[in-house]
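# Remarks on the overall topology
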Amino acid sequence: MKLSAKRTALGLVVIILGGILMLMVSGLWITESTKIPVRISEGEFAGMADPGDIRGSYTFEDIENSFSVPATILAQAFALDTSDKDAKLYKAKDLETFYENLDIEGEVGTDSVRLFVALYLGMSYEAEETSLLPNPAVNILRDKGVLSDELFQSIKAKSVSPAAVANLSDDSTEGVSITHSSNLDDMLVKGKTTFANLLDWGMSKTQIEEIIGKPYGSKSQTVRDFALESGIEFSEFKTAMQEILDAF
Amino acid sequence: MKKRSSVKLIRTAVQIVFFLLVFLVVIGHSLEESGISIPFLKGASLHAICPVGGVVTIYQYITAGTFVQKIHEASFYLMIIVFITAIIAGPIFCGWVCPFGSFQEWISYIGKKIFPRKYNHMIPKRLDSGLRYLRYGVLLWVLVMTAVSAKLVFSDFDPYYALFNFWTGEVAITGFIALALVIFLSLFVERPFCKYACPYGALLGITNLFRIFSIRRNPNTCISCGKCDSACPMNIEVSNKSKIMDHQCISCLECTSEAACPIAATLELNTSQPGKKDGKEVNNEA
């Protein structure tokens, strides 16, 4: 039996496009994640959704639905601005873009979300060597009491300040380097406290600006200097900010 | 001349259809990521509609029941569909459908203009023969590394991914380098990526050993003019074989009696030797 070029072309198109059409009709043509993570099959957490299966395409809402970790907590942990965009709309893979300018080895990305969610739920998770957590995420985990001292120290050693990266952008990021967290235990608003420190401790840009009443300038400016320039008592800002920080 | 045009035209038309289809789907996906949706165009990532993804996820699917990240059911089923076509007619996907194969072929037209005689014959035969097995090494590396890491390790080196995603910011520098290299080499060699590096081509190439429809030559009517050899983009010496089982054949039909071969019913995509039916000679002139 011979196949001519015409028959070959026709057969090929029918098999491939017809096959795809049949898959579409039968609902099997799935080109994106179903957003339903696999369940853990054994051990203490058997039956629960596996944080290790979180994909980059998962929105924070998907994660909230599957893991009961509120999207607002995720946004706060990863220091994402929720003034213009709902926390639920952020995707895990968005973090790679927001934190792309880290000048230390490592990355904040989808694997960081997996790590955070697992720890938040009290599960263990073997993160990639290069995965980092932003300081606010570490603070949230610490305050939730889900970290042993040893685990806290190891996570803290691999944490980064979100203050100097893109999503919290203003034009003051230039020349500011990402630093390992060193003052997570000391969240007291003092005269030397900068806006970067506040962000570092987990306050969102929106929260800060609601207190100071307008956008701040440079992140490296102290809150006290900003208050003086604005003709406002520093103590007014300090009290409001400390209340939020104490609530973390 | 007329015959040759018909095969070329038909194949080019099919190539353009699939190239545009993939391009539109990927564009649709990019726009959807930006919050813009186009009516009648459902976007999907390139990974999601690439049958290669189905191949590299087999191990994870068998062992864990899940797909490698970025791979979904579509690529898995597409892999099965392409395997069916390959069992029927060999790596016809490579010669007629694969948008990156088509892209290289279109670049080759420039090379053929620059080097009309030497094009596709510049690499010493011995070296070329050895390099043809390199793609099996790539296939093995991709399968093992994907199984170990559960990630699409090849995408950072994949020129096809780079071509269809160069505007997205998701392409690694190594992907761009691979793409530039393939474009450059395509000016001298036809389908260099297919010949030397494509892991999927390597896998589909194996079906040349047992495909149902093969390129078959009738030695009784062949005049040994060598036009089939010259026409083959993969440099297969068609004129001295009765059945093409070369692992590099892409079933493009450029060598057949519908195209390069000047004698009717001498080179065909057939289940039996041209000029024979049930093992008996038939009179083609009748």
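Since the structure is predicted, the reported quantities are computational estimates derived from the model, not experimental observations. (Residues numbered from 1 in each chain as written. Chains lettered and ligands numbered in written order. Predicted model: local features only at pLDDT ≥ 70, side-chain atom pairs only at ≥ 80, totals over all residues.)

This part is about the overall build of chain A. Secondary structure summary: chain A contains 11 helices and three strands in total. Traced from its N-terminal end to its C-terminal end, chain A shows the element sequence β-α-α-α-α-α-β-α-α-β-α-α-α-α. Expressed as a percentage of its 248 residues, the buried residues of chain A come to 37%. For chain A, the proportion of contacts with a sequence separation of at least 24, taken over those separated by at least 6, is 61%. (Helix = DSSP H or I, 4+ residues; strand = E, 2+ residues; numbered from the N terminus. Buried ≥ 20, exposed ≤ 12 C-beta atoms within 10 Å, placed from the backbone. Contact = placed C-beta atoms within 7 Å.)

Here we come to the overall build of chain B. Each helix and strand in chain B was counted, giving 13 helices and four strands. By the burial criterion, 48% of the 286 residues in chain B qualify as buried. In chain B, the share of contacts with a sequence separation of at least 24, taken over all contacts with a separation of at least 6, comes to 64%.

Attention shifts here to the nonpolar core. Counting residues in hydrophobic clusters, the biggest one holds 81 residues, and the most contacted among them are Ile 49, Phe 93 and Cys 255 of chain B. If one sorts the elements of this core by residue count, helix H4 (residues 73–89) of chain B sits on top with eight residues. Taken domain by domain, this core gets at least three of its residues from each of domain 1 (2–207) and domain 2 (213–275) of chain B. Aside from chain neighbours lying at most four places away, what touches Cys 255 of chain B is Ile 215, Cys 228, Ala 231, Cys 232, Val 238, Ala 260, Cys 261 and Leu 267 of chain B. Phe 60, Ala 79, Ala 118 and Ile 208 of chain A belong to the second largest nonpolar core, which has 50 residues in total. (Core = buried A, V, L, I, M, F, W, Y, C linked by C-beta atoms within 7 Å. Domains from an automatic or database assignment.)

Further remarks concern the interface of chain B and chain A. At the junction of the two partners, chain B supplies 28 residues and chain A supplies 22 residues. Mapped by element, the contributors of at least two residues to the side of chain B that touches chain A are helix H1 (2–33), H4, helix H5 (92–97) and strand S2 (267–270) of chain B. Of the residues forming the side of chain B that touches chain A, the biggest block, seven residues, is contributed by H4 of chain B. Its residues assigned to classes, the side of chain B that touches chain A shows 17 nonpolar, seven polar and four charged. Where strand S1 (residues 2–3) of chain A lies against S2 of chain B, two bridges are found, and the strand directions are antiparallel. By the bridge assignment for S2 of chain B, Leu 3 of chain A is matched with Leu 269 of chain B. (Nonpolar A, V, L, I, M, F, W, Y, C, P; charged D, E, K, R; others polar. Pairing = 2+ DSSP bridges.)

Turning our eyes to something else, we now look at the packing of helix H1 (residues 5–25) of chain A against H4 of chain B. Two elements in contact, H1 of chain A and H4 of chain B, have axes whose closest approach is 10 Å; the angle formed by their N-to-C orientations is 155 degrees. One way to sum up the angle between H1 of chain A and H4 of chain B is to call them roughly antiparallel. As for how H1 of chain A packs across H4 of chain B, the hand of that crossing is right-handed. Facing H1 of chain A, whose interface residues are Thr 8, Leu 12, Ile 15, Ile 16, Gly 19 and Leu 23 of chain A, H4 of chain B presents Tyr 77, Ile 81, Ile 84, Thr 85 and Ala 89 of chain B. (Axes fitted to C-alpha atoms, helices over the stretch in contact; angles between N-to-C directions. Parallel < 35°, antiparallel > 145°, perpendicular 65-115°, else oblique. Left-handed = near helix turned anticlockwise from the far one by under 90°.)

Residues and elements named next belong to chain B. Because side chains alternate across S2, one face comprises the buried residues Leu 267 and Leu 269, and the other comprises Glu 268 and Asn 270, equally buried. As defined by bridge partners, strand S1 (residues 214–217) adjoins S2 across four bridges and the pair is classed as antiparallel. By the bridge assignment for S2, Ile 215 is matched with Leu 269.

Moving on, we get to unusual backbone geometry. Residues and elements named next belong to chain B. Positive phi is not limited to glycine here, since Ser 251 has a value of about 55 degrees. Examined against the element boundaries, Ser 251 turns out to sit in the loop between helix H13 (227–231) and S2. The backbone of Leu 253 shows a phi angle near 65 degrees, a positive value even though the residue is not glycine. Mapped onto the fold, Leu 253 is located in the loop between H13 and S2.

Read across the sheet, three strands follow the order S1(A)-S2(B)-S1(B) without closing on themselves; strand pairing throughout is antiparallel. Looking at strand neighbours, the two that pair on one side only are S1 of chain A together with S1 of chain B, the edges of this open sheet.

Residues and elements named next belong to chain A. Turning to helix H2 (residues 60–67), its buried residues are Phe 60, Asp 62, Ile 63 and Phe 67. In a view along the axis of H2, the buried residues occupy a sector of 155 degrees, so they form one face of it. Residues of H2 that are buried in the fold lie against helix H3 (71–77) and helix H5 (110–120). (Arc of directions from axis to C-beta.)

Another point: the environment of Gln 104 of chain B. Residue and element names in this part refer to chain B. Inspection of the secondary structure assignment puts Gln 104 in helix H6 (residues 99–114). For Gln 104, a count of 26 C-beta atoms within 10 Å corresponds to the buried category. When the C-alpha atoms of Gln 104 and Val 182 are compared, they prove to be 7.7 Å apart, with 78 residues separating the residues in sequence. Non-local contacts of Gln 104, meaning those with residues more than four positions away in its chain, are made with Val 182, Ser 186, Arg 191, Pro 192, Phe 193 and Cys 194.

Now for the environment of Thr 266 of chain B. Residues and elements named next belong to chain B. Structurally, Thr 266 is set in the loop between H13 and S2. Given 21 C-beta atoms within 10 Å, Thr 266 falls into the buried group. Along the primary structure Thr 266 and Thr 256 are separated by 10 residues, whereas in three dimensions their C-alpha atoms are 7.6 Å apart. When sequence neighbours within four positions are dropped, the list of residues in contact with Thr 266 reads Arg 217, Asn 218, Thr 221, Cys 222, Ser 257, Cys 261 and Pro 274.

Let us now look at the confidence of the model for chain A. Atomic detail in the predicted coordinates should be set aside for any region of low pLDDT. Residues at a pLDDT of 70 or more form 89% of chain A, whose mean pLDDT is 81. Long-range and interchain partners of residues 166–183 of chain A, a stretch whose pLDDT sits below 50, account for 37 contacts in this model, where long-range means more than four residues apart. (pLDDT = per-residue confidence, 0-100.)

Before going further, it helps to spend a moment on the confidence of the model for chain B. All names here are of chain B. Put simply, chain B has an average pLDDT of 89, and 92% of its residues get 70 or more. Looking at the elements of chain B, mean pLDDT is at its lowest for strand S4 (residues 280–281), recorded as 60, and at its highest for helix H11 (residues 192–196), recorded as 97. We note a pTM of 0.68 for the whole complex and an ipTM of 0.89 for its interfaces.

The next point concerns the environment of Leu 139 of chain B. All names here are of chain B. You can see Leu 139 is positioned in helix H8 (residues 134–149). Judged by C-beta crowding, with 23 C-beta atoms within 10 Å, Leu 139 ranks as buried. Linking Leu 139 and Ala 197, residues 58 residues apart in sequence, is a C-alpha distance of 8.4 Å.

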